[in-house]
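Residue-level listing of the chains:
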Amino acid sequence: MYNLIESLRSALQSVWAHRLRSFLTMLGIIIGVAAVVAVVSLVQGLNHYVSGELEGLGSNNITIRSNTTREMFLLGQFAQLTHEDMLAISAGVDGISDITPNLMLLGSPVSFKGQSVTPQVFGTIRRFMDLNKIYPAEGRFLSPSDSRYRRRVAVIGAEVREELLLPDNPVGEYIQIGSEWFKIIGLMEERGEFLGNSQDNYVIIPYGTARSIIGSAKRQDISINLTVNDVEAVKQVTSRIEQVLREQHNLDEGEADDFSVMTPEQIMESVSNIINSITLVFGGVVSISLLVGGVGIMNIMLVSVTERTREIGICKALGAHRSDILMQFLIEALVLCLLGGFIGLLLGYGLGAMISGMLPGFPAAYVPWWAALLSFGFAAGVG
């Protein structure tokens, strides 16, 4: 123990005595660790945010969308989910509730007193508000009777209000969607941007109204959200939904589904796989700088040993064992690497936080425990 403490004291003395050389030696590790941590913190921050958002949806919520296969696309055919499909699911699947359709009105311009924008316009029902956890800042949301009687009413996002130069409280104003006039009954709370895309650029109208505007002559493709009453029965309900939709679409055995049934866990798994692949690719690229820094430290320590031949000789002449001298140099290298790794970790997190703060709507940087452990483990291994 005494020899270890003495070796540590001697190593720290040597590092302090050659401060400039020590800093330049650590610089490679600092840059390498900082680059790896900054990239990982940005990508994992995105993963952490998306996972949190999907967890908020609940594990018993199911999303159903049309899925045009490659073969269908080459034949000029496009899959769709219809209102009749939703009714078939409602009648043929037990243990579900809160069935929420969403019908997009593609390319519908929205105008007000000479101002015109083309936001996302879709029809839905009241359940959409609770499912997505967005609520009105002014006025009210859609009611069941709005859809039943196909009323020309609309709820708008904050960006639409701003771009159309509507009053701060636009409730009661009239806007034109396509060739139809709608009365604004609500302004939704502002959600800001996510990855540079606005989350407030939309207009919501009643589902029944959207169906009447599109009419039967045009293609109606809806997405469906629903809740499974018993969390333990999600797999069975999913299987039953697939069976009902295959019957509805007259799909033969072995023929690919022209729809997708997704739970939050499946969506989370797919997103996590994509983000983890991105992490590996970018992390691998910036790890080259970490490897270069490690080689630099090895070279500097080799030169240091060569330069201090006389010091080593004096130590041996005074009775120092080979193991004592080896311990001194190893601890010196370890101190340099760990100190460089620690500084690089702090610098990398700071860079990640700064970059995420500069990008509008980008999630906060998040450093997972394995990234910190990997950085220190590599630094220690090099030492």
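The model shown is predicted, which means the values in this text are computed figures rather than measured ones.

Caption draft 1: The arrangement of the packing of helix α12 (residues 322–358) against helix α13 (residues 369–382) in detail. Contact pair α12 / α13: the axes reach a minimum separation of 8 Å and the direction vectors enclose 155°. With respect to each other, α12 and α13 are oriented roughly antiparallel. Between α12 and α13 lies a crossing of right-handed hand. Facing α12, whose interface residues are Leu334, Cys337, Leu338, Gly341, Phe342 and Leu345, α13 presents Ala372, Phe376, Ala379, Ala380 and Val382. Classifying every residue of the contact of α12 with α13 gives 10 nonpolar, 1 polar and no charged.

Caption draft 2: How the structure looks around the nonpolar core. Ranked by size, the top nonpolar core spans 42 residues in total, and within it Ile62, Ile64, Ile89, Ile175, Val203 and Ile241 carry the most contacts. Sort the elements by how many residues they give to this core and helix α9 (residues 234–248) lands first, with 5 residues. Once you skip the residues sitting within four places of it in the chain, Ile241 turns out to touch Ile62, Ile64, Ile89, Val93, Leu226 and Val261. Counting residues in hydrophobic clusters, the runner-up holds 21 residues, among them Ile30, Ile297, Ile312 and Ile325.

Caption draft 3: Highlighting the pairing of strand β14 (residues 259–262). Every second residue of β14 is oriented toward a common face, the buried set being Phe259 and Val261 and the non-buried set Ser260 and Met262. With 4 bridges connecting them, strand β1 (residues 61–66) and β14 associate as antiparallel partners. Within β14, the position partnered with Arg65 by the bridge is Ser260.

Caption draft 4: A nonpolar patch on the surface, seen in detail. A cluster of nonpolar side chains, contributed by Leu347, Leu351, Met354, Ile355, Met358 and Leu359, occupies part of the molecular surface with about 540 Å² of accessible area. Its place among the elements puts Leu359 in the loop between α12 and α13.

Caption draft 5: Looking closely at empty space enclosed by the protein. The final tally for this structure, using the stated rule, is 1 cavity of 30 Å³ or more. In this structure, the largest cavity encloses a volume near 40 Å³. Contributing to the lining of the largest cavity are Arg21, Ser22, Thr25, Met301, Ser304, Glu332 and Leu336. Of all the secondary structure elements, the ones that give two or more residues to the lining of the largest cavity are α2 (19–55), α10 (264–307) and α12. In terms of residue count, the dominant contributor to the lining of the largest cavity is α2 (3 residues). For the lining of the largest cavity, a count of residues per class yields 2 nonpolar, 3 polar and 2 charged.

Caption draft 6: The pattern of salt bridges, seen in detail. On inspection of all chains with the given rule, the structure shows 6 salt bridges. A salt bridge links Asp98 to Arg127; the shortest N-O distance between them is 3.8 Å. In this pair, Asp98 sits in strand β2 (residues 96–104) while Arg127 sits in helix α5 (residues 127–132), placing the two residues 29 residues apart along the sequence. A relative accessible area of 39% places Asp98 in the partly exposed class. Each of the salt bridges in this network shares a partner with another, and the network as a whole consists of Arg140, Asp146 and Arg151.

Conventions adopted
- Residues numbered from 1 in each chain as written.
- Predicted model: local features only at pLDDT ≥ 70, side-chain atom pairs only at ≥ 80, totals over all residues.
- Heavy atoms only, no water.
- Axes fitted to C-alpha atoms, helices over the stretch in contact; angles between N-to-C directions.
- Helix = DSSP H or I, 4+ residues; strand = E, 2+ residues; numbered from the N terminus.
- Parallel < 35°, antiparallel > 145°, perpendicular 65-115°, else oblique.
- Left-handed = near helix turned anticlockwise from the far one by under 90°.
- Contact = heavy atoms within 4.5 Å.
- Nonpolar A, V, L, I, M, F, W, Y, C, P; charged D, E, K, R; others polar.
- Core = buried A, V, L, I, M, F, W, Y, C linked by side-chain atoms within 4.5 Å.
- Buried < 20%, exposed > 50% of the residue type's maximum accessible area, 1.4 Å probe, protein only.
- Pairing = 2+ DSSP bridges.
- Patch = residues over 30% accessible without salt bridge, like charges linked within 9 Å, V, L, I, M, F, W, Y side chains within 5 Å.
- Areas by Shrake-Rupley, 256 points an atom, 1.4 Å probe, with all protein chains shown as cover.
- Salt bridge = Lys/Arg side-chain N within 4 Å of Asp/Glu carboxyl O.
- 1 Å grid on protein atoms, 1.4 Å probe; cavity = no way out; pocket = protein on both sides within 12 Å on 5 of 7 lines; lining within 4 Å.
- Points joined across faces, edges and corners; volume = space filled by probe spheres on them.

Purely geometric numbers; function is a separate question.
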